[in-house]
Each structure stands twice: as C-alpha cells, then as structure tokens.
Amino acid sequence: MKFEPHGKHLIAGEWKAGNTTFTSEPAHGPNYDFPVGTPELVDSACQAAEEAFWSYGYSTRKERAVFLNTIADEIEARAEAITEIGSQETGLPEARLEGERGRTTGQLRLFASHILAGDYLDIRHDKELPDRAPIPRPDLKMIQRPIGPVAVFGASNFPLAFSTAGGDTASALAAGCPVVVKGHSAHPGTGEIIAEAIKAAIEKCGVHPGVFSLIQGGKRDVGTALVQHPLINAVGFTGSLAGGRALFDLCAQRPEPIPFFGELGSVNPMFLLPAAVASRGRDLAAGWAGSLTMGAGQFCTNPGIAILIDGPDADAFSEAVTKALEGTGPQTMLTDGIAKAYRDGRDRISGARGVKELLTTTCNMRKATPYLYETTGQGWLENEELGEEVFGPLGLIVRVKDQAEMVEVAKNLQGQLTCTLHMDDADTSIAKKLMPVLERKAGRVLANGFPTGVEVCDAMVHGGPYPASTNFGATSVGTLAIRRFLRPVCYQNVPTSLLPENIE
C-alpha cells in the first residue's frame with residue numbers, strides 16, 4: 001500500500017485543509033506540506049467530540065471493543081506504508097517501527113479484552129437496610145463512568161505507541177471518551193495515516209465521527225486552546241518538562257480545572273550494590289552501555305545515572321563502561337530540536353563543577369554519539385542540575401563513599417519513572433535500606449534488569465512522583481491507564497430501568 005500524505009486535518013470525519021502550512025523535516029526521504037492548526041479548528045473538534053459523547057459514551061462495552069479491534073485491523077492493513085513514512089520522518093529503524101506498531105495494535109486489543117471482562121468498572125453494591133436503626137440505609141450502587149471528551153498530545157519519541165492511536169487514545173476510547181489529538185509536528189505523515197485507519201474504523205463500525213479528530217501542527221496557541229477548551233475533561237501528554245508544566249498550569253487555571261496526565265521525564269537511576277559490582281561488574285557495564293544507547297537514548301526510561309560505592313570495583317566498572325560505549329557509532333535523533341537539546345544537555349553536564357569527563361565524542365547535526373561523565377556523591381548532592389534529564393545516550397556515574405551516602409543520594413532524588421537495584425544475595429541488607437526510599441521515588445522498581453522496554457499489561461505502572469509525571473496515582477501504560485478517564489458515580493435508589501447497562 002503506497003501512501004502519500006494529502007496534508008489535512010481530520011475533524012469529525014472530514015479532511016480539512018488549512019490557510020497556512022508547515023513543511024515536514026524527515027530524517028530522509030521526501031518532505032511534505034501539512035496544515036497548521038488553529039484555535040478555531042480546536043473548537044470544531046471539541047464541539048464534535050461533545051456531540052459524539054452522547055452516543056459513544058453510552059455505547060456498550062462490546063461495541064467499543066469491536067471498534068478498538070477494528071482500529072487495530074485498519075492499522076495492520078497499512079503496515080508497510082506506516083513503516084515507510086515513519087522511518088522517513090523519524091529516522092527510526094524499520095524493525096523498531098514494526099515492533100512499535102505491534103505494541104500499538106496490541107494495546108488496542110488489550111483494552112478491548114479488558115473492557116469486555118468488566119473488572120475496570122469496579123462495581124459496588126450496598127443493599128438497602130430499611131429496618132436499620134436509627135436511620136435506614138438506602139440502596140447504593142457505584143460504577144465507573146466515562147468523563148467526556150479527552151485531549152491527547154502526540155509524543156516525539158514514539159510516533160505510534162504514544163501518539164495518534166497510542167496508549168492515551170486507546171485507553172480513553174476504551175473508557176467511552178471521544179478524543180481530540182494534537183499531532184506532533186515531528187511525524188505528521190505518520191499521524192495522518194494512523195488517522196486514516198481510525199476514520200476507516202469509524203465508518204465500518206458506524207460510530208459517530210466526532211469520536212476522533214486529529215489537528216496537525218500549530219504552535220502554543222493551539223495547545224492552549226485545546227487544554228482550556230471548556231468541553232475537554234482531561235489531557236494526556238508525553239513530552240518535555242517545560243512544555244508539560246506549562247500545559248499543566250493552564251489546566252489548573254481553568255475556571256473548571258481538569259486533570260493533566262503528563263509524563264515529563266526521568267533520569268531512571270540505577271543503584272549498583274557492592275557484591276553485584278564485585279562479581280559481575282563488567283557484565284553490568286556492558287548491559288548499561290547497551291541500554292543507554294538503545295534508540296539513541298530516546299526512551300523515557302533511559303537509565304542515565306549509575307550510583308555505586310567508590311573503590312577498585314568502581315574503577316573497573318567505569319573503565320568497562322567507557323570501553324563499551326567507545327564502539328557506539330552515530331545514531332539519528334528524532335528531530336533537529338531534540339539533537340540540539342542533547343548537545344545543550346551535554347554542555348550543561350560537562351561544565352558542572354566536580355564533573356569528570358570519561359568519554360567525549362563528536363556529536364553533529366541530527367546525529368547523536370554517547371558521552372560518559374563521573375562525579376562524587378557529594379558533588380551530586382550539591383548540584384541539582386545533575387539530576388535533570390538529558391534526552392539521549394549520555395551517562396553519569398556517581399561514586400558515593402559508603403552505603404549511608406548511597407541512601408542519602410536516593411533520598412535526594414526527584415520523582416522517577418523507574419529506579420533499579422543491581423544486587424546479589426549478599427547485598428540484601430543495603431537493598432532493604434534502599435527499597436522504602438525507592439518505592440517513594442518511582443512508579444516502577446526493578447531488580448537486576450534495565451528499565452528500557454515497558455511491558456503493556458495489567459500490572460505495569462508507567463508514571464511516578466513529579467516531575468516524572470504530574471499525577472503519581474496514574475499510569476500511561478497498561479490497563480490501569482483507563483482509570484484516568486473514568487470517574488465513580490453512585491446511584492441511590494435509582495430504578496433498574498435507569499441504570500447503566502452493567503449494573504443489575
């Protein structure tokens with residue numbers, strides 16, 4: 001299937017051109033013109049989403065499951081074309097995009113199965129107690145209900161799994177919420193072909209076309225109009241700390257504040273405990289180098305920090321990591337802007353007081369090469385900037401003087417998506433001291449693994465305390481993500497004929 005973008009927004013089932021355009025900047029291949037979004041288009045999409053909610057929000061779980069599976073089918077029907085334009089726009093290898101497409105369709109099908117099972121509804125029933133003294137109890141039933149239209153911002157680093165039909169969109173549609181997507185300008189053609197797949201599914205399933213809209217391009221005014229539109233009830237976002245915090249503040253400043261579910265960034269620290277470093281330090285070094293440079297380090301769970309106790313074993317570990325990283329060639333980054341931000345982060349770290357360079361390379365234009373630095377535990381504690389994310393294959397080793405300082409470093413971490421323990425049985429004592437700290441700092445705690453790669457399943461938590469995310473009680477990956485777009489409603493003495501379909 002050959003795909004050539006037509007360069008239009010999708011608003012409530014209709015392709016809409018724009019008065020002004022922007023030109024895509026692919027890593028390779030042809031560029032195309034796409035329309036620039038406007039607040040007026042945002043309003044049209046939100047009005048259509050609200051209209052769609054009156055039918056879609058009250059559709060059956062089976063109907064929504066069929067719709068989600070049909071979207072997955074339509075995406076797979078465009079598989080080769082999606083891979084081709086996705087690779088052109090982002091520079092990601094075809095194998096990576098094929099895997100990400102499978103994750104995208106897989107999570108759509110997972111949510112279809114999840115809503116059919118019905119457990120997410122959390123139905124509760126307290127039967128009436130008419131003879132209870134001194135006050136009778138009424139009949140009380142509770143169920144989770146969809147909140148209404150939701151806004152989703154596409155992510156730069158996952159053009160499929162976190163963008164147009166990604167996890168935020170899938171979980172919102174599963175809940176019964178129409179979605180308005182602001183596409184990411186780094187991959188507008190990929191966004192358009194996925195929107196085509198969703199449009200085809202809407203038509204096949206007879207769903208109200210306002211259930212999904214895609215607005216391309218646009219600057220801050222479009223994002224502002226979307227999060228502040230009175231018909232939007234929640235926002236899903238994956239992106240930078242600065243951009244996410246600005247949108248979060250706008251959501252809070254609305255006359256009717258709404259939840260902002262932002263995944264903003266993390267350095268994903270690893271704690272390498274003494275016995276593990278002594279017995280398999282070189283293997284840990286090789287594993288870290290591979291995880292750090294995977295996908296040019298452009299994963300939100302990229303482990304940028306390694307913390308270990310100073311000494312000969314730390315010397316050997318540093319040497320092994322340096323050697324492993326030296327053989328890594330240049331990799332194409334997702335955008336010119338991300339590449340520049342990576343170089344700026346490199347300059348910030350290398351210029352910090354008390355930081356030693358272990359590996360420096362040449363990083364030009366849109367190509368990224370790895371960097372490795374080292375500091376002391378005290379140096380880390382005295383410089384908050386060292387704990388800020390550098391999006392790319394840059395690693396920092398923190399050498400602490402003893403176990404007490406390792407725990408102190410952990411206590412001074414900001415919120416993280418992940419924290420990792422590399423340990424052997426002999427490390428259990430220090431691991432037990434760290435665990436209560438790490439579980440307060442991160443949404444996912446790992447042992448003897450690397451955090452790159454997020455399983456889409458029931459138990460996954462992809463979130464954490466701020467600034468990893470703006471809502472520590474939520475996840476953007478896994479079936480629990482649906483809870484972001486639901487709210488509990490209690491029905492007191494309401495006749496069965498008026499209750500939602502799932503309450504008996």
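Keep in mind that this is a model prediction, so the values were computed, not measured.

Student: So what exactly am I meant to see when it comes to the overall build of the protein here?
Tutor: The secondary structure content of the protein amounts to 14 helices and 21 strands. Against the 2.2 N^0.38 benchmark of 23 Å for 504 residues, the protein shows a C-alpha radius of gyration of 24 Å, consistent with a compact globule. Along the three orthogonal principal directions, the C-alpha set of the protein runs to about 75 × 70 × 40 Å. A total of 504 residues make up the protein; the buried ones form 57% of that total. Total accessible area on the protein is roughly 20600 Å²; 51% of this is exposed by carbon and sulfur atoms. Positive and negative charge centroids in the protein, built from 46 and 59 side chains respectively, lie 2 Å apart.

Student: Teacher, can you tell me more about the sheet that holds strand 5 (residues 124-126) here?
Tutor: Hydrogen bonding along the main chain pairs the strands of a sheet, whether they run parallel or antiparallel. Reading across the sheet, the three strands line up as 5-6-21 and stay open at both edges, with antiparallel pairing between neighbours. Lying at the two open borders of the sheet, with one neighbouring strand each, are strand 5 and strand 21 (486-492). Neighbour-to-neighbour, the strand axes of this sheet turn through a mean angle of 25 degrees, independent of strand direction. Where strand 5 and strand 6 (residues 140-146) come together, three bridges link them in antiparallel fashion. Counted as the bridge partner of D126 is L140 from strand 6.

Student: How should I be thinking about the pattern of salt bridges in this particular structure?
Tutor: If the charged atoms of two oppositely charged side chains come close together, the side chains can form a pair. Within the structure shown, the criterion is met by 17 salt bridges. In this structure, R101 engages E76 in a salt bridge whose closest nitrogen and oxygen atoms are separated by 3.2 Å. With a gap of 25 residues between them, R101 in helix 4 (residues 94-117) and E76 in helix 2 (residues 61-77) connect regions that are remote in the sequence. Judged by its relative accessible area of 32%, E76 is partly exposed.

Student: When you look at the sheet that holds strand 20 (residues 442-447) in this model, what are you seeing that I'm missing?
Tutor: With mixed pairing, the seven strands of this open sheet are ordered in space as 15-17-18-13-12-19-20. In this open sheet, the two edge strands, each paired with only one partner strand, are strand 15 (356-359) and strand 20. Neighbour to neighbour, the strand axes of the sheet diverge by 20 degrees on average, direction disregarded. Note: strand 13 (residues 305-309) against strand 18 (residues 394-400), five bridges, orientation parallel. Within strand 18, the position partnered with I305 by the bridge is L396.

Student: Please explain unusual backbone geometry as it appears in this structure.
Tutor: Comment: phi is negative for the bulk of residues other than glycine, and the bulk of peptide bonds are trans. Omega for the peptide link from A133 to P134 comes to 5 degrees, which places this bond in the cis form. Locating P134 in the fold gives a position in the loop between strand 5 and strand 6. Omega for the bond connecting Y466 with P467 falls within 30 degrees of zero, at 10 degrees, which places this linkage in the cis form. The phi torsion at A12 lies on the positive side, around 50 degrees, for a residue other than glycine. Mapped onto the elements, A12 comes out in the loop between strand 1 (9-11) and strand 2 (14-16). Phi is positive for N493, close to 55 degrees, though the residue is something other than glycine. Within the fold, N493 resides in the segment after strand 21.

Student: What should I look at first to understand the nonpolar core in this one?
Tutor: Generally speaking, soluble globular proteins have nonpolar side chains that are buried together. Grouped together as the largest cluster of nonpolar side chains are 95 residues, with contacts concentrated most on F67, V211, F212, F271, L273, L434 and F485. Top contributing element to this core by residue count: helix 6 (residues 188-205), with seven residues. Those residues within four positions of F67 in sequence are excluded, and the remaining contacts are Y56, L173, I198, A201, I202, C205, V207 and V211.

Student: Help me understand the pairing of strand 9 (residues 212-215), please; the structure alone is not making it clear to me.
Tutor: Within a regular beta strand, the side chains point alternately toward one face of the sheet and then the other, so they alternate between its two faces. Alternating positions in strand 9 separate into two faces, F212 and L214 on one and S213 and I215 on the other, with burial throughout. Summarising the sheet, strand 8 (residues 179-182) and strand 9 pair through four bridges and their orientation is parallel. Within the sheet, the bridge partner assigned to V179 lies in strand 9 and is F212. Since strand 8 and strand 9 lie parallel, the crossover through helix 6 that links them has a hand, and here it is right-handed.

Student: In this structure, what is going on with the packing of aromatic side chains? I would like to understand it.
Tutor: The geometry of an aromatic ring pair is captured by two quantities: the separation of the ring centres and the angle between the planes. What the rule picks out here adds up to 14 aromatic pairs. Geometrically, the ring pair formed by F153 and F237 is edge-to-face, given 5.8 Å between the ring centres and 65 degrees between the ring planes. With a gap of 84 residues between them, F153 in strand 7 (residues 150-153) and F237 in strand 10 (residues 234-238) connect regions that are remote in the sequence. The exposure classification of F153 matches that of F237, with both residues buried. Taken together, F153, F237, F248 and F260 form an aromatic cluster joined through their ring pairs.

Each value, and the rule that gives it
- Residues numbered from 1 in each chain as written.
- Predicted model: local features only at pLDDT ≥ 70, side-chain atom pairs only at ≥ 80, totals over all residues.
- Heavy atoms only, no water.
- Helix = DSSP H or I, 4+ residues; strand = E, 2+ residues; numbered from the N terminus.
- Rg over C-alpha atoms; globule rule 2.2 N^0.38 Å.
- Buried < 20%, exposed > 50% of the residue type's maximum accessible area, 1.4 Å probe, protein only.
- Areas by Shrake-Rupley, 256 points an atom, 1.4 Å probe, with all protein chains shown as cover.
- Lys, Arg positive; Asp, Glu negative; His and termini not counted.
- Charge placed at Lys NZ, Arg CZ, Asp CG, Glu CD.
- Pairing = 2+ DSSP bridges.
- Axes fitted to C-alpha atoms, helices over the stretch in contact; angles between N-to-C directions.
- Salt bridge = Lys/Arg side-chain N within 4 Å of Asp/Glu carboxyl O.
- Core = buried A, V, L, I, M, F, W, Y, C linked by side-chain atoms within 4.5 Å.
- Contact = heavy atoms within 4.5 Å.
- Right-handed = clockwise from strand over helix to strand, strands pointing away.
- Phe/Tyr/Trp six-rings, centres within 6.5 Å; stacked < 30°, edge-to-face > 60°.

In short, geometric facts, not functional conclusions.
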